[in-house]
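# Chain and residue survey
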Amino acid sequence: MRFGQGHTDHYFNPSQIINAKEDASNCYARGYYTMGRAILEESIENVRKQVEACDCVQSFFVFHSFGGGTGSGFSSLLLDHIASEFTSKSRLACAVYPSPKVSTAIVEPYNAVLLTHTSMENMDVVFLMDNEAMYNLCRSRLSIERPPTKLK
């Protein structure tokens, strides 16, 4: 299932969705320096619009992964800018931490280490979820023999 074609479409404002022609290919550096820089201004502008539409913004809550290039590299870049522009707001994250047993890319541990530094500097609270533990919960509690690792 592609984004924008499922039963949860009504949860998202289409004008706030940013699409790019390519992803960061599991590379922190591509997410932070190349692909991320190309969509950063549009992303920050969307954040500003959402903040302006609110009466009283309390905090930012970011959902991302620590392992992939976009989840680590672009998240790191975006968090840097949010922290510098909105200094008085709390910043929280809910993140999936990579596991070697269910990893889809060999560079996930490196991406996670690089993002950990940014998270420690720019986030007030990070809720980490172990990818392997979530995979095991799907198998044991939800009876999903092979939990999907990607959306189609």
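So, a few notes on the structure that sits alongside this text. (Residues numbered from 1 in each chain as written. Predicted model: local features only at pLDDT ≥ 70, side-chain atom pairs only at ≥ 80, totals over all residues. Heavy atoms only, no water.)

What follows concerns the environment of K21. Looking at the secondary structure, you find K21 in the segment before α1 (28-52). K21 gets classed as exposed once you look at its relative accessible area, which sits at 91%. (Helix = DSSP H or I, 4+ residues; strand = E, 2+ residues; numbered from the N terminus. Buried < 20%, exposed > 50% of the residue type's maximum accessible area, 1.4 Å probe, protein only.)

Moving on, we come to the environment of S75. Here S75 lies in helix α2 (residues 69-85). A sequence separation of 63 residues divides S75 from F12, and the C-alpha atoms of the two residues are 19 Å apart. Once residues lying within four places of it in the same chain are set aside, the contact partners of S75 are H64 and T70. (Contact = heavy atoms within 4.5 Å.)

All right, on to the packing of aromatic side chains then. Across all of its chains, the model carries six aromatic pairs by this definition. Between Y32 and Y33, the aromatic rings sit 4.8 Å apart at their centres with planes inclined by 70°, giving edge-to-face as the arrangement. Look at Y33 and you get exposed, because its relative accessible area is 52%. Residues F61 and F63 carry aromatic rings whose centres are separated by 4.9 Å and whose planes lie at 10° to one another, so their mutual orientation is stacked. Overall, F61 belongs to the partly exposed group, its relative accessible area being 44%. Pairwise contacts between aromatic rings join Y28, Y32 and Y33 into one cluster. (Phe/Tyr/Trp six-rings, centres within 6.5 Å; stacked < 30°, edge-to-face > 60°.)

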